[in-house]
Amino acid sequence: MEDVVDHALSVEADGTAAHDDGEDACDNWPRLSRLCDRLARAHLARDRLHERAMPSPTEIRIKVEAAERMVARAEKRLAAETEAHQEKLNKYELRAREDRAAGRRGANGRPPVPMEHKTVLVRQRTRLVKMRAWLERARTPRPAPSPESRACLSDPDSRLIPGKRGGG
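Residues numbered from 1 in each chain as written. Predicted model: local features only at pLDDT ≥ 70, side-chain atom pairs only at ≥ 80, totals over all residues. Heavy atoms only, no water.

**What to know about the confidence of the model for the chain**
Now for step 1: Of all residues in the chain, 80% have pLDDT values of 70 or greater, and the mean over the chain is 82.
Now for step 2: Highest mean pLDDT in the chain belongs to helix α4 (residues 119-139) (95); lowest belongs to helix α1 (residues 2-16) (65). (pLDDT = per-residue confidence, 0-100. Helix = DSSP H or I, 4+ residues; strand = E, 2+ residues; numbered from the N terminus.)

And the structure:
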């Protein structure tokens, strides 16, 4: 608040430098009081806009439940893909061992891709990370009023009422 007072005094000093003919600083108090009051009302109006932008507890609960379902589904897909690829790796290893034991070179065909390089698994891990981040955002929403939202400084509780034909 002291910064505001200092700034207001400097603005007032710039504006009244030409009119300064011995006035003392006490004459600036009504102006400063109005400026501080206006600033306090602006902060209150901004806080009210953020409160209105906050989703209701029901909306938050619905979004969290949906995000939890998506995370569970992503985990399930990742586990299924991991299990399927691990089975493929195990079958190849078993076939290679059997072929070597039979005196052959090893298993025919190209060996399966390692787990960390399998494209499907990398994609599923990325999707799971995104879903978990989405779940975290759903659990802790941050209010963000739209850029078009406005508030009245004289009555922060008031709202704009749409006109009859859609005008503001």
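Read on for the rest.
**Observations concerning the packing of helix α3 (residues 57-101) against α4**
Now for step 1: Taken N-terminus to C-terminus, the directions of α3 and α4 make an angle of 165°; their axes are 9 Å apart at the nearest point. Overall, the two elements α3 and α4 adopt an arrangement that is roughly antiparallel. In this structure, α3 crosses over α4, and the sense of that crossing is left-handed.
Now for step 2: Taken together, the residues of the contact of α3 with α4 sort by class into 15 nonpolar, 3 polar and 9 charged. (Axes fitted to C-alpha atoms, helices over the stretch in contact; angles between N-to-C directions. Parallel < 35°, antiparallel > 145°, perpendicular 65-115°, else oblique. Left-handed = near helix turned anticlockwise from the far one by under 90°. Nonpolar A, V, L, I, M, F, W, Y, C, P; charged D, E, K, R; others polar.)

**Brief notes about the side chain of H85**
Now for step 1: Its place among the elements puts H85 in helix α3.
Now for step 2: A distance of 2.5 Å separates the side chain of H85 from the backbone oxygen of V113, its partner in a polar contact.
Now for step 3: Once residues within four sequence positions are removed from consideration, H85 is found in contact with P112, V113, P114, M115, K118 and L121. (Polar contact = N/O pair within 3.5 Å; in protein donor to acceptor, adjacent residues only side chain to side chain. Contact = heavy atoms within 4.5 Å.)

**Some words on a positive patch on the surface**
Now for step 1: There is a patch of like positive charges on the surface, built from R69, R73, R77, R123, R127 and K130.
Now for step 2: Those elements that place two or more of their residues in the positive patch are α3 and α4.
Now for step 3: Within the secondary structure, R73 is located in helix α3.
Now for step 4: Given a relative accessible area of 41%, R73 falls into the partly exposed group. (Patch = residues over 30% accessible without salt bridge, like charges linked within 9 Å, V, L, I, M, F, W, Y side chains within 5 Å. Areas by Shrake-Rupley, 256 points an atom, 1.4 Å probe, with all protein chains shown as cover. Salt bridge = Lys/Arg side-chain N within 4 Å of Asp/Glu carboxyl O. Lys, Arg positive; Asp, Glu negative; His and termini not counted. Charge placed at Lys NZ, Arg CZ, Asp CG, Glu CD. Buried < 20%, exposed > 50% of the residue type's maximum accessible area, 1.4 Å probe, protein only.)

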